[in-house]
Every structure is written in C-alpha cells, then in structure tokens.
Amino acid sequence: METEYGILLRGTESNPIAASSMLINAYVSELQRRVGWDFEDESPGNDARGFAREGAMPPEVETHLVNAVLTNGARYYVDHAHPEYSTPECADAREVVLFDKAGERILARSIDAAARALPNGQSIEVLKNNSDRKGNSYGCHENYLMDRQVPFGRIVQHVMPFFVTRQIFTGAGKVGSEASSTGGVEVPYQLTQRADFFEEEVGLETTLKRPIVNTRDEPHADAQKYRRLHVIVGDANLSEIATLLKVGVTAIVLSMIEDDWLKDRDFTLQAPVAAIRRVSYDLGLREPLPLADGGTMTALEMQWEYFTMARKYADENSLESVDQDVGDDVMRRWEAVLTGLEADPMSLAGQLDWVAKYRVIDGYRERHGLRWSDPKLALMDFRYHDVRPDKSLYARLGMERILNEPDVVRAMTQPPVDTRAYFRGKCLQRWASSIAAANWDSLVFDLGSDPLRRVPMMEPLRGTAEMVDTLLEACSSPAELLDRLGS
C-alpha cells in the first residue's frame, strides 16, 4: 500500500516539497544510518497492454528527492510534493492493515521530530486524505501480485465494475465536490475522496487523466512469472475495517479472476467513468447504473453479486491464496457490511470512514444550523484525517479496531515475517552501514574494498523468517552472508 499524505507548513511560506523533505529527514536522521533507494530497476512506463496511447505520460522517476528504506522493510520518501509511505510486502490483508497503520504512526512521529528542528512559530500538519480542496488529488495505491499468465483483458473486464462499486465500503467520505461538472447533481457530501478525479477507463497515468484501471507493468519480481496489479482508484482509509475490506475483498476477487471462476459473468458498465461518480454521489445507495447489456444494477446489488460468487468460490475451492483465516474473516465482514448498508448505512458509523465522517459532520451542521457549503465543515473534513492523535477527529470517534496498538508500534521498526521484506528489514537492522542501497527486489552491499555486490530478491515469498533466520543467525558479518549466498 502506497500512501501519499497531504502536507502543510504553517508559520511561513509553505513549499510542500521542502516541507516533505524536512519531515522525512527529521525522522530518518534519528535512525542509525540512512539507506537510500536503488532506482536501477525502476520502469514505470511499461504498459501491461503492450502499448501506450499516444501522449500518455508515465510517472517521472524523481531520483533527486529524499528516499529512504526503513528497518520494517518499508519505503519512506518524497513523491512529487508529498511525503509517501509504502508498506513492506505483506502476505495477507490483515498484515497490510497493520503496516499501513504503522505508517500513520511513523508520520506522526516524523512531525514530532521535525518540530524539534523548526523555528518557533512554525509547524507541520500532515493529513491522510486524498485532496487539498484546490483541485489537486493525491493517491493511496494498492498493489497485488498476480499470475503473469492471466490475460490482462480478463482482469480489466471483471475489476472495472468491482472498482466502481466497492466505493460503498471503501470510501473515506468528502464534503462537496471538486469535479468540473457533477452533471447537474447537487453534491453536499459524497462517499469518496477520489471519484471526482478519474477521467479514463484504462490507462498508464496516475496523476493526469487518471484511469479506473491502471496499466503499469512493473512487477518488482520475476516478470516471466508475475504481474503487479497497480490499483490507484482507492481512498486513503483511517478505519481499519475499511482498509481490511478494501484489500481483502479485492484480493479475493482477483483470486477468482486468476482461476477464471467468473467465466462469462459480465457486469460491464455502459459508462464506467460516469458511474464511478454516480456511485460516490449516491448516499442512499439506490442509483441504478446502466450496464452494457441494457440492464441496470445499483452498486449495492453488484457487490452482493460479487459476494455471492465469492462465497461459492470459497466453498468449492479455498481461500488459501489470501490466507484461509484472513479470507474467512474478510468474507464475514463483507457480508455484514453489505447487510448493514442495505438496512441502514448509519449503523456502520463505527466501521466505515464515509459513514463515520458524515454522521459527525452532519450532526455538527444540524446543531449549528449550517449549510453544507460552510467552510467550517470543510475544515472538519480535513481534521478527520489529521495523523496527530491529539488533533484527529477520527481518533475521537472510538471506531472499531482489529489491531492491538503494541503490534502497530512494533511494526514501525520490525518487518513482516512471511515475505522477502523480512530479509530486507533484518539486513538493514544488522548491517545498514554496509548496504549502499535497496529496492523491492534487491539489496546492494558495499563492503569497502570489493565492487558493489547485489543480492537479487525476485521471489516475493522467499526471504521469510522461516527461510533465512538460521542463515542470518549463523553470519557474523555481511561478507560472510554474501559468501554463503554466493552473491
């Protein structure tokens, strides 16, 4: 999960790039040694379709900005004009929730570290949201490892309607709209932060002409075996339940697509870009969406269809591809949330971001007799997303959690044990001074007298604690490790 955070430097002229650099530098300077990012294998311009539309603009690789690798296996860096935290690779959805929440704590601690260096009267604010209310949006991107042999067209066919309709439980909520046109619909409040900003159905871009389905083909793994589905359509969630469902349900749907379980079940929408906004603007969840076959379905009805297929898939196969226990939990929560949305969306105020935010802001609005256009409500929207616990509106609502806070604190520095992130994190903990750079699929060691030596990590599920703990414990130096690995 890659999350770009909103940032503001108060008390002086605000330069978001400088503020982001200051924020991250303040945090990583307190670490034993900073290890930078290795850009050797970056190729964001590769398109899964095998071509790129004329004029398409893949993201620029910004090698000159702050870019650090953390001991929990994560990446923490400046992306364009935002601080971005990318979780380490995780084996299941619950683990994603854990390391995503650890990222929030890292940002909060970074603010404290920066405050010690800032002049009196200056402060940094950081928001885990997706727009600045000035027409600029920034992303929260999910990444899923998939079988390279699955035809990309099949993926697009089945995920497009799923992405458009999953907003009913993944949305973080938003006061008003920043779309150039809402089609004549009044939008005092909507389900999502991101729906206003999508203009294409399928494409390579992530910042301009954003597509619902992104085609970046950069697996960060063995490209002959794997693809990485880069999902840019989601909101940045604070709710742990919403994050679990966002990632967990999507992983189950992708498993069905990999196994060709959906076959000819076709929910193709007539106009997906228009539909993604219609769903976001429909707080009653009753808006019929025109299908390509001439029929209609509401977003809630379509999610029930996906759930029914997933239930049959789980019963007749298994959910081992997403971890059986986590998959079972996701299925239970998915059904419960759809049932709650059907009966009374407000009953889910303790679980879903868009409902929680709506209830608290609408209650304030009614008590004070305000219009939805009142700036105070937009400010409350921002405050919901503040990562500082003492300033966060979200933190005051007592929403349901699935994590224990000691586990979150531990995840700030310790990597997951069941992916290659474990090897990366443990090497950084033990031998950071001998590591020249790192990225998702390799570590580069500098032993001083020898040429730089690269350790490839092309298999995301190798390098786990079970696989490398004995090796790491037996090595007293990075030179010994490299000799044993044959690197």
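Rules used throughout
- Residues numbered from 1 in each chain as written.
- Predicted model: local features only at pLDDT ≥ 70, side-chain atom pairs only at ≥ 80, totals over all residues.
- Heavy atoms only, no water.
- Helix = DSSP H or I, 4+ residues; strand = E, 2+ residues; numbered from the N terminus.
- Rg over C-alpha atoms; globule rule 2.2 N^0.38 Å.
- Buried < 20%, exposed > 50% of the residue type's maximum accessible area, 1.4 Å probe, protein only.
- Contact = heavy atoms within 4.5 Å.
- Axes fitted to C-alpha atoms, helices over the stretch in contact; angles between N-to-C directions.
- Parallel < 35°, antiparallel > 145°, perpendicular 65-115°, else oblique.
- Left-handed = near helix turned anticlockwise from the far one by under 90°.
- Nonpolar A, V, L, I, M, F, W, Y, C, P; charged D, E, K, R; others polar.
- Pairing = 2+ DSSP bridges.
- Phe/Tyr/Trp six-rings, centres within 6.5 Å; stacked < 30°, edge-to-face > 60°.
- Lys NZ or Arg CZ within 6 Å of the ring centre and 35° of its normal.

Before going further, it helps to examine the overall build of the chain. When its secondary structure is counted, the chain shows 14 helices and 18 strands. The C-alpha radius of gyration computed for the chain amounts to 22 Å, which stays within 12% of the reference 23 Å derived for 487 residues, consistent with globular compactness. Across its three principal axes, the chain shows a C-alpha extent of roughly 70 × 60 × 45 Å. For the chain, the proportion of its 487 residues judged to be buried stands at 58%. Relative to all contacts within the chain whose residues are 6 or more apart in sequence, the contacts with residues 24 or more apart total 71%.

Interhelical geometry of helix α12 (residues 421–431) versus helix α13 (residues 465–474) gives an angle of 25 degrees and a closest axis separation of 10 Å. Judged on the interaxial angle alone, α13 and α12 are roughly parallel. Here the hand of the crossing between α12 and α13 comes out right-handed. On α13, the residues touching Tyr422, Phe423, Lys426, Cys427, Arg430 and Trp431 of α12 are Ala465, Val468, Asp469, Leu472 and Glu473. Taken together, the residues of the contact of α12 with α13 sort by class into 7 nonpolar, no polar and 4 charged.

Here the focus is the packing of helix α7 (residues 299–316) against helix α8 (residues 324–343). Look at α7 against α8: their axes get within 11 Å of each other, and the N-to-C directions meet at 155 degrees. As summarised for this structure, α7 and α8 are arranged roughly antiparallel, according to the angle between their axes. Note on packing geometry: the crossing formed by α7 with α8 is left-handed. Contacts between α7 and α8 involve Leu300, Gln303, Trp304, Tyr306, Phe307, Ala310 and Arg311 on the former and, on the latter, Met331, Trp334, Glu335, Leu338, Thr339, Leu341 and Glu342. Residue composition of the contact of α7 with α8, grouped by class: 9 nonpolar, 2 polar and 3 charged.

Within strand β16 (residues 435–439), 4 of the 5 residues are buried, leaving the element largely enclosed by the surrounding structure. Alignment of strand β3 (residues 35–37) against β16, held across 2 bridges, turns out to be parallel. Paired with Trp37 across the two strands is Ala438, which belongs to β16. The pairing of β16 with strand β17 (residues 442–445) spans 4 bridges and is classified as antiparallel. When the bridges of β17 are listed, Ala438 appears paired with Leu443. Counted along the chain from β16 to the antiparallel partner β17, the turn is 2 residues long.

Under the defined criterion, the tally for this structure stands at 12 aromatic pairs. Centre to centre, the rings of Trp37 and Trp440 are 5.2 Å apart; their planes meet at 70 degrees, and the pair counts as edge-to-face. With Trp37 in strand β3 and Trp440 in the loop between β16 and β17, the pair connects residues that are 403 residues apart, well separated along the chain. Summarising the burial analysis for this pair, Trp37 and Trp440 share the class buried. With 5.8 Å between their ring centres and 20 degrees between their planes, Tyr358 and Trp372 make a pair best called stacked. Of this pair, Tyr358 sits in helix α9 (residues 353–368) while Trp372 is found in the loop between α9 and α10 (375–384), placing the two residues 14 residues apart along the sequence. Taken together, the aromatic side chains of Phe162, Phe163, Phe267 and Tyr306 make up a single cluster linked through ring pairs. For Arg75, the ring lying beneath its charged end belongs to Trp37, and the centroid distance is 4.1 Å. Over the ring of Tyr77 we find Arg75, and its NZ or CZ is 3.9 Å from the ring centre.

Purely spatial values, then, with no claim about function.
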